[in-house]
Amino acid sequence: MKWLQNYPREVKVFLVASLVNSIGGSLMWPLITMFVFRQLGRSVTDAGLVILVMSLGGIAGQLLGGALYHRVGVKRLIVGGLGMNALSLLFLPYVSGHWYIFMFVMGLVGFFNALSMPAIQAFIGFRFADRRGELFNVIYVANNIGVAIGTALSGFLASISYDMSFIMNGLTSAVFALFFWRYLSKVQSDSGGLQLEKRKNTIEKVQTWKLLGHYRLYLFMGIGSFCLWLSNCIWNNGVAPFTMMKGMPEWNYSILWTLNGVLIFVGQPFILWLKRTFAGSPEAQMTASGIFYLLGYIAILSFHTYPSLVLAMVLTTFGEMLISPAIPSFISDRTGKSAPFYLGVVGGMGAAGKVVGPYAMGLLFDWNGLVPVAGLSVLIAVFSVGAFFVHSLMHRQNRGDIPLSM
């Protein structure tokens, strides 16, 4: 690809590693509700409970990962988190027949997977500071090419063995951990502000409450992210069981996520046009993202047919394409060395939406199907747009960096 020629070899290798990891990561998660509902014979509410437990682990991982960045160091945090995530995934096939142990291990998967996220995002922001906004988007696109490939394979793998999806996910996570171990070992001599290793005698105490006091930086952005993740639970805890009740095969659902991954790649010109004309700043991109999500859920509520699901996936994918690079870019630009902390806080708030959403939507679906689930998603998306709009207003007059330190 010609656009890759503009980047150094280091970035290209990083993109390939991210691509492989995202292929593995996407193999199971679009089908987790189907696994619990069909393979384990549990209700949609139980499927929501599993995702709730995994999301609780994700909140703890996000918050702890951001707080430990400068205390533990990037290398231990990323490699350790990914390595333990791989072990947890590989252990899942052996405990799927034991319900409570299965839920506990899913919580560990959520925790260790999220533990490395703030560190990886902060690492990108520090390592490639002069091109961080561009790199966040490029890596996001590469990851979602992997999602397109992984989800295309997921339905096929599920028809053979759900356990195979767990194993493939675990193996790719282990490969990603190995990549980071070798990669970070090579850049140690040029660490700069990356904080690759644990500080020894001069650890600066993180003034958590002081950082949290800068609520304008993160609060409304975090609330908007919380609402988006909550409403987006409609796909696993509304759409997935809806397709099964209609007698559709697994690949009908997985093809929606394949569409998501393909569109993220081929839809870049449209998103670039939106950024040039209507949403030039990360704050505006967040608000526009909320609007696209809202329109997608309205499409599901209005028609609740398979074509409306396709339309909704297109609209919500545009929303995803706008917000996913915008949040880490905004935080990295505005918070300096405190970026890992704020990435963890906002990521944790977003993950909290995954805690509330699956169980609530599972209950609603068991009660009356897709319609009340879609109605809840529309309502929550309205709050998301409002929160992002307030965040945008707060930063309209102040585009400069806010000097924060750890």
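From a predicted model like this one, the values you see are computed outputs, not experimental measurements.

Cut-offs and rules
Residues numbered from 1 in each chain as written. Predicted model: local features only at pLDDT ≥ 70, side-chain atom pairs only at ≥ 80, totals over all residues. Heavy atoms only, no water. Helix = DSSP H or I, 4+ residues; strand = E, 2+ residues; numbered from the N terminus. Buried < 20%, exposed > 50% of the residue type's maximum accessible area, 1.4 Å probe, protein only. Contact = heavy atoms within 4.5 Å. Axes fitted to C-alpha atoms, helices over the stretch in contact; angles between N-to-C directions. Parallel < 35°, antiparallel > 145°, perpendicular 65-115°, else oblique. Left-handed = near helix turned anticlockwise from the far one by under 90°. Nonpolar A, V, L, I, M, F, W, Y, C, P; charged D, E, K, R; others polar. Core = buried A, V, L, I, M, F, W, Y, C linked by side-chain atoms within 4.5 Å. Domains from an automatic or database assignment. Expected span 1.5 Å × (residues − 1). pLDDT = per-residue confidence, 0-100. Phe/Tyr/Trp six-rings, centres within 6.5 Å; stacked < 30°, edge-to-face > 60°. Patch = residues over 30% accessible without salt bridge, like charges linked within 9 Å, V, L, I, M, F, W, Y side chains within 5 Å. Areas by Shrake-Rupley, 256 points an atom, 1.4 Å probe, with all protein chains shown as cover. Salt bridge = Lys/Arg side-chain N within 4 Å of Asp/Glu carboxyl O.

**Quick look at the overall build of the protein**
At step 1: When its secondary structure is counted, the protein shows 17 helices and zero strands.
At step 2: The 406 residues of the protein split such that 57% are buried.
At step 3: Taking all contacts inside the protein whose residues are at least 6 apart in sequence as the whole, residues at least 24 apart take part in 86%.

**Comments concerning the environment of A312**
At step 1: As for its position among the elements, A312 is in helix α15 (residues 306-335).
At step 2: Along the chain, A312 and I300 lie 12 residues apart, while their C-alpha atoms are 6.4 Å from each other.
At step 3: In this structure A312 touches W235, G296, A299 and I300, once residues within four positions along its chain are discounted.

**Structural notes on the packing of helix α2 (residues 32-39) against helix α11 (residues 234-245)**
At step 1: At a minimum axis separation of 9 Å, α2 and α11 run at an interaxial angle of 50°. Taken together, the axis directions place α2 and α11 in an arrangement best described as oblique. The two elements α2 and α11 meet at a crossing, and its hand is right-handed. Side by side, α2 and α11 meet where I32, T33, M34, F37 and R38 of the first sit next to N236, N237, A240, P241, T243 and M244 of the second.
At step 2: By residue class, the composition of the contact of α2 with α11 is six nonpolar, four polar and one charged.

**Let's talk about the nonpolar core**
At step 1: F180, I234 and W235 are the most contacted members of the largest nonpolar core, which has 98 residues in total.
At step 2: Looking at this core element by element, the count peaks at nine residues for helix α5 (residues 99-115).
At step 3: Each of domain 1 (8-187) and domain 2 (213-396) contributes no fewer than three residues to this core.
At step 4: The residues touching F180, leaving out its near neighbours within four places in the chain, are F14, I78, V79, L82 and I120.
At step 5: With 12 residues, the next largest nonpolar core counts V141, L263, I264 and M321 among its residues.

**As for α5**
At step 1: Taking 1.5 Å of rise per residue, 17 residues should cover 24 Å, and α5 covers 24 Å from first to last C-alpha, within 8% of that figure.
At step 2: With 12 of its 17 residues buried, α5 lies for the most part within the structure.
At step 3: What α5 keeps buried is the set W99, F102, M103, V105, M106, G107, V109, G110, F111, F112, A114 and L115.

**A short note on the confidence of the model for the protein**
At step 1: Here the protein shows a mean pLDDT of 82. Residues at 70 or above account for 87%.
At step 2: A low-confidence stretch, residues 189-193 (pLDDT under 50), is modelled with three contacts involving residues beyond four sequence positions or located in other chains.
At step 3: Taken as a whole, residues 200-205 scores under 50 in pLDDT and shows three contacts with residues more than four places along the chain or in a different chain.

**Concerning the packing of aromatic side chains**
At step 1: What the rule picks out here adds up to 14 aromatic pairs.
At step 2: Ring geometry for F35 against F102: centres 5.8 Å apart, planes inclined by 40°, an arrangement best described as tilted. Remark: F102 occurs in helix α5 and F35 occurs in helix α2; sequence separation between them is 67 residues. The pair formed by F35 and F102 is uniform in burial state, with each residue classed as buried.

**What to know about unusual backbone geometry**
At step 1: Look at H304: it is not a glycine, yet its phi comes out positive at around 35°.
At step 2: Structurally, H304 can be placed in the loop between α14 (282-303) and α15.

**A look at a nonpolar patch on the surface**
At step 1: A surface patch of nonpolar side chains, amounting to about 530 Å² of accessible area, comprises F156, I160, M164, I167, M168 and L171.
At step 2: Listing elements by their share of the nonpolar patch, those giving two or more residues are α7 (132-160) and α8 (162-186).
At step 3: Sorting elements by how many residues they give to the nonpolar patch places α8 first, with four residues.
At step 4: Tracing the chain through its elements places I160 in helix α7.

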